[in-house]
There are 2 protein chains.
Amino acid sequence: MMASLLDSLVSKMPSLSTSDHASVVSLNLFVALLCACIVLGHLLEENRWMNESITALLIGLATGFVILLISNGKSSRLLVFSEDLFFIYLLPPIIFNAGFQVKKKQFFRNIVTIMLFGAIGTVISCTVITLGVMHLFKKLDIGTFDLGDYLAIGTIFAATDSVCTLQVLNQDETPLLYSLVFGAGVVNDATSVVLFNAIQSFDLTHLNHEAAFQLLGNFFYLFLLSTLLGVLTGLISAYIIKKLYFARHSTDREVALMMLMAYLSYMVAELCDLSGILTVFFCGIVMSHYTWHNVTESSRITTKHTFATLSFLAETFIFLYVGMDALDIDKWRSVSDSPGTSVAVSSILLGLLMLGRAAFVFPLSFLSNLAKTNESEKIDFKMQVVIWWSGLIRGAVSMALAYNKFTRAGQTDVRGNAIMITSTITICLFSTVVFGMLTKPLIRFLLPHQRVTTSFLSDGNTPKSFRIPLIDQDSFMDFAGNHNVHRPDSIRGFLTRPTRTVHYYWRHFDDSFMRPVFGGRGFVPFVPGSPPDIDPPELSKV
Amino acid sequence: MMASLLDSLVSKMPSLSTSDHASVVSLNLFVALLCACIVLGHLLEENRWMNESITALLIGLATGFVILLISNGKSSRLLVFSEDLFFIYLLPPIIFNAGFQVKKKQFFRNIVTIMLFGAIGTVISCTVITLGVMHLFKKLDIGTFDLGDYLAIGTIFAATDSVCTLQVLNQDETPLLYSLVFGAGVVNDATSVVLFNAIQSFDLTHLNHEAAFQLLGNFFYLFLLSTLLGVLTGLISAYIIKKLYFARHSTDREVALMMLMAYLSYMVAELCDLSGILTVFFCGIVMSHYTWHNVTESSRITTKHTFATLSFLAETFIFLYVGMDALDIDKWRSVSDSPGTSVAVSSILLGLLMLGRAAFVFPLSFLSNLAKTNESEKIDFKMQVVIWWSGLIRGAVSMALAYNKFTRAGQTDVRGNAIMITSTITICLFSTVVFGMLTKPLIRFLLPHQRVTTSFLSDGNTPKSFRIPLIDQDSFMDFAGNHNVHRPDSIRGFLTRPTRTVHYYWRHFDDSFMRPVFGGRGFVPFVPGSPPDIDPPELSKV
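Residues numbered from 1 in each chain as written. Chains lettered and ligands numbered in written order. Predicted model: local features only at pLDDT ≥ 70, side-chain atom pairs only at ≥ 80, totals over all residues. Heavy atoms only, no water.

**Points about the overall build of chain A**
Consideration 1: Scanning chain A from terminus to terminus reveals 22 helices and zero strands.
Consideration 2: Relative to its 542 residues, chain A shows a buried fraction of 60%.
Consideration 3: Relative to all contacts within chain A whose residues are 6 or more apart in sequence, the contacts with residues 24 or more apart total 83%.
Consideration 4: Carbon and sulfur atoms make up 67% of the accessible area of chain A, which amounts to about 21300 Å² in all. (Helix = DSSP H or I, 4+ residues; strand = E, 2+ residues; numbered from the N terminus. Buried < 20%, exposed > 50% of the residue type's maximum accessible area, 1.4 Å probe, protein only. Contact = heavy atoms within 4.5 Å. Areas by Shrake-Rupley, 256 points an atom, 1.4 Å probe, with all protein chains shown as cover.)

Structure, rendered in structure tokens:
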């Protein structure tokens, strides 16, 4: 199939006259490549070094190379990497699914630490990279950048991509670590995009204390409003489905409504210049807590797997795309006369992002540990290393931000921009492939009890894919089913274990007010034929 | 939500500078409107006249009107109706789902009649319309058309839209009628698109017998090759999933692979200038017969509902869109000086399409009845009227073909083209709304036993949406589980009941060769935790 497709591509390439035929060809190739990624990714799952992101990236690189040969060095791409494609179509399903499948209890229990790492950490990382770049770039001949450009570079390389690490970590064995890496990853994505936009729209020539506070205020305002919008959309969807579909369930409409409302929350946030990432993430959390319990059993299974599938496809697409885009010859042409500079810039940036991440992971972990009395909740040094490592990979968010900043029309300084683009690609490829391949061995070395799972895994009876639904199901139960939270004894309890106490009051509020209105586990009238408490057959297996 | 969205639309409309902001706004509005269609469609489900298509169309018209007011008569659209959007993104899920959910046994038992109605009938209908238009248009002042244009008009108005009728017919009560209307609808779609393309690419100036036979040969070649490609893709998907995922099932990957392979079949067919509609339809049939049985229980529920949801969304989107597009002021401007001509053209076309359909439904039904010995398999007169009526509605396929033909660049005769476009819109709107509203009452009048279902329906316990999965499940079992087909007694049996006998030999071949290779019901080794025979809880209800 692949071969015949490529044949037809080659034979038809010179005759591509209308744009629609070209787009059909490239769509075809993309779909076929996605299939190849799924099959190969599955076959390579047990490999010590590979994971699906790396597989997709390498397939993308190989395809780019083949196209480069076929077109005689003219082009390596089938589609132009567009921010719109990324931010409008690919990112929302990934982030929504993240919110939908997150272990809510773990997430909210660690929310303070997650916010520390995700928000404050990103700001620290961005500052370190910006200062380092300002200092070190002056010695290199790469054109002039102003403060706004340096800050943009800081935010671009502060945006981590923790997908690789999450594919290796086990949510059941290291729940604390998983929720920290996961939660901080999502908050980091949101923070860097918000920061980037704030810097882009901000007048940096008159930087003073007042303006800085305004920036900070703006930042928190965006954060809060985006979260609220997401929660609101989720609640509206729960309410609509609860009111409209009582005893007249229609799986297709329920699924369609959930998908559309989730997407709407993202798009409305983007329209209002809020952070769509945060909005859709919290929309996902609220939907899994209320809406998901108001629909039929079929809708539950369908939504859970559809969202996961869409997220999986979007991720694979992004890696495939970044790989394919990396070989685009135009970008490399203008830096080919001075390969040394490009390598130097990439190395400097790579060093700075490792430093920038170290600059907040270890101090903030220390701070977080100080606040905790329970030994099991503390973040030990090995975990700190894993958290530090998990944030070294740069991916599609960095690429999209870099393209936004350095390929916009009206940018005259071509050389500096070209170097930044190629450096971003170099860092994304290098970190995804090299750091990504080292992740599995490193985690096995640092957290050796993982090894048990791995051997358990490799006998083929409980592959990752079987575990994930189990974990999800578990997470849905976890947050909802645990009614026996102890009442804190005194005000002292509130001070020493604030999140636990908040959790107790939240439960109380949830049970007595929220659930009766918006539905949720145990608060939806029994509909014959859609027993709300039954496990899907597959999930009850392990 | 809707109101605030419209507010923001109004306030931001003058400042739309970048195209991406505009596209975000229109995407938002579309998603919000789709939500509104789902909710309103659900609320109006029990209404005597309405169905979801009409609801979506009316919402689209209303929105177009509001936008027209807001923009001071400048525009009524948010997106330009593009054939690509329709043929690349919206049509494939609808047709694939049709194949995936069809009652295969009924479909194949009636395949001869379906092909008669769908293929031969469409050709007859097209001929009648073409001849009528050639004769009648000469008296009207609407510019000059050549033979190719007349033939194109014939195919455009031979393309039916049976979605409305199918929403009213009940697959359980009138299985023969349902499968005829449904099957003929799909074959009709494919035939008109294939015919249209054949006419477009054919040199009509030297029309002789040889050329006509070539056209016919080309037509059958396309038909056969498209079907084969669809079957092949379906079998490949079954084989890959059976081989790769044995005992290592991964729901997300299985679902992704099925979606991608289905889409790939359509796109490859389009790339090779075959009929993507036929390909994806047969791919759907093969996938539901083999692939669907090779995946986990979760994957089965997920795929079934995801495909149905996507199809439902695409249908709603199309009707919404056609409604919105209808008010586009530019198209009406050039015909506004002679409203009489436009009305005359629309009336002539409407009359011709009713005549054209009558010209094949009644004679072909007579022929079909002659070949049948069993009284229950004959098509009585009332059913013939329903079949005739069900094909009077013109929808998105006609619109897309008309746009392709009459809005292409290089067409100089603006007046004639403008009239054809507005007439197509008029006919689509009129037939969908008026004929659509009359469909429910007409079917109740002609087939009064339907009334039982309707009252059964309106008590709210078994809405349509509950019935559909049941029917589907039934259909999946129907074709697969019925092993006790009697061996035909003699060669006489083959002559009198050819399809039954073919079915017997097919079953034999399927059980002894196909299923062991490609999987399918009862031929997939038992995987613990994914019992292949369990009904999803919801489905076992009624």
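**Details of the packing of helix α15 (residues 339-370) of chain B against helix α16 (residues 381-390) of chain B**
Residue and element names in this part refer to chain B.
Consideration 1: Where α15 meets α16, the closest approach of the two axes is 9 Å, and the angle between their N-to-C directions is 145 degrees. Where α15 crosses over α16, the two elements pack in a sense that is right-handed. Residues Met354, Arg357, Ala358, Val361, Phe362, Ser365 and Asn369 of α15 form the contact with α16, whose participating residues are Phe381, Gln384, Val385, Ile387, Trp388 and Ser390.
Consideration 2: Each residue belonging to the contact of α15 with α16 can be placed in one class, and the counts come to eight nonpolar, four polar and one charged. (Axes fitted to C-alpha atoms, helices over the stretch in contact; angles between N-to-C directions. Left-handed = near helix turned anticlockwise from the far one by under 90°. Nonpolar A, V, L, I, M, F, W, Y, C, P; charged D, E, K, R; others polar.)

**What about the packing of aromatic side chains?**
Consideration 1: In total, this model carries 50 aromatic pairs over all chains according to the counting rule given.
Consideration 2: Look at Phe430 of chain B and Phe435 of chain B: their rings are 5.8 Å apart centre to centre, the planes differ by 75 degrees, and that puts the pair in the edge-to-face class.
Consideration 3: Given the relative accessible area of 6%, Phe435 of chain B is considered buried.
Consideration 4: Taken together through their ring pairs, the aromatic side chains of Phe107, Phe108, Tyr178, Phe182, Phe281 and Phe282 of chain A make up a single cluster.
Consideration 5: The lysine or arginine in question, Arg300 of chain A, covers the ring of Trp292 of chain A, its NZ or CZ lying 5.7 Å from the ring centre. (Phe/Tyr/Trp six-rings, centres within 6.5 Å; stacked < 30°, edge-to-face > 60°. Lys NZ or Arg CZ within 6 Å of the ring centre and 35° of its normal.)

**A short note on the nonpolar core**
In summary, soluble globular proteins display a tendency toward joint burial of nonpolar side chains.
Consideration 1: Of all hydrophobic cores here, the largest spans 295 residues; its most connected members are Phe137 of chain A together with Phe137 of chain B.
Consideration 2: Residues in contact with Phe137 of chain A, not counting those within four places in the same chain, are Ile142, Phe145, Tyr150, Ile153, Val345, Ile348, Leu349 and Met420 of chain A. (Core = buried A, V, L, I, M, F, W, Y, C linked by side-chain atoms within 4.5 Å.)

**Details of helix α16 (residues 381-390) of chain A**
Consideration 1: Of all ten residues that make up α16 of chain A, eight are buried, and the element is covered over most of its length.
Consideration 2: Among the residues of α16 of chain A, those classed as buried are Met383, Gln384, Val385, Val386, Ile387, Trp388, Trp389 and Ser390 of chain A.

**What to know about unusual backbone geometry**
Residues and elements named next belong to chain A.
Consideration 1: For Asp273, which is not a glycine, the phi torsion comes out positive at approximately 60 degrees.
Consideration 2: Mapped onto the fold, Asp273 is located in the loop between α11 (251-271) and α12 (276-294).
Consideration 3: The exposure class assigned to Asp273 is exposed, which follows from its relative accessible area of 60%.

**Side note on the confidence of the model for chain A**
All names here are of chain A.
Consideration 1: Overall, the prediction assigns chain A a mean pLDDT of 76, with 78% of residues at 70 or greater.
Consideration 2: The low-confidence segment residues 1-19, where pLDDT is below 50, has 19 contacts with residues more than four positions distant or belonging to other chains.
Consideration 3: We note a pTM of 0.80 for the whole complex and an ipTM of 0.79 for its interfaces. (pLDDT = per-residue confidence, 0-100.)

**Some words on the pattern of salt bridges**
Consideration 1: In the structure shown here, the tally under the stated rule is 13 salt bridges over all chains.
Consideration 2: The partner of Arg253 of chain A in a salt bridge is Glu52 of chain B, with the nearest N and O atoms 2.7 Å apart. Placement of Arg253 of chain A in helix α11 and of Glu52 of chain B in helix α3 (residues 52-70) is noted, with the two residues assigned to different chains. The burial state of Arg253 of chain A is the same as that of Glu52 of chain B; both residues are buried.
Consideration 3: Here Asp511 of chain A and Arg515 of chain A are joined by a salt bridge, their closest N and O atoms 3.6 Å apart. (Salt bridge = Lys/Arg side-chain N within 4 Å of Asp/Glu carboxyl O.)

**A few points about the environment of Ile240 of chain A**
Residues and elements named next belong to chain A.
Consideration 1: For Ile240, the position within the fold is in helix α10 (residues 209-244).
Consideration 2: Ile240 gets classed as partly exposed once you look at its relative accessible area, which sits at 24%.
Consideration 3: C-alpha of Ile240 to C-alpha of Glu254: the two residues are 14 residues apart in sequence and 9.9 Å apart in space.

**Digging into the side chain of Thr422 of chain A**
Consideration 1: You can see Thr422 of chain A is positioned in helix α18 (residues 414-446).
Consideration 2: Among all residues touching Thr422 of chain A, those that are not within four sequence positions of it are Lys331, Trp332, Val335 and Ser342 of chain A.

**Thoughts on the packing of helix α11 (residues 251-271) of chain B against helix α13 (residues 297-326) of chain B**
Any two packed helices are characterised by how steeply their axes cross, that is the angle between the axes, and by the distance between the axes.
Residues and elements named next belong to chain B.
Consideration 1: Between α11 and α13, the shortest axis-to-axis distance is 10 Å and the interhelical angle comes to 40 degrees. Here α11 lies oblique to α13, going by the angle between them. Seen from above, α11 lies across α13 with right-handed handedness. Contacts between α11 and α13 pair Thr251, Glu254, Val255, Met258 and Met259 from the former with Ser298, Ser299, Thr302, Thr303, Phe307 and Leu310 from the latter.
Consideration 2: Residue composition of the contact of α11 with α13, grouped by class: five nonpolar, five polar and one charged. (Parallel < 35°, antiparallel > 145°, perpendicular 65-115°, else oblique.)

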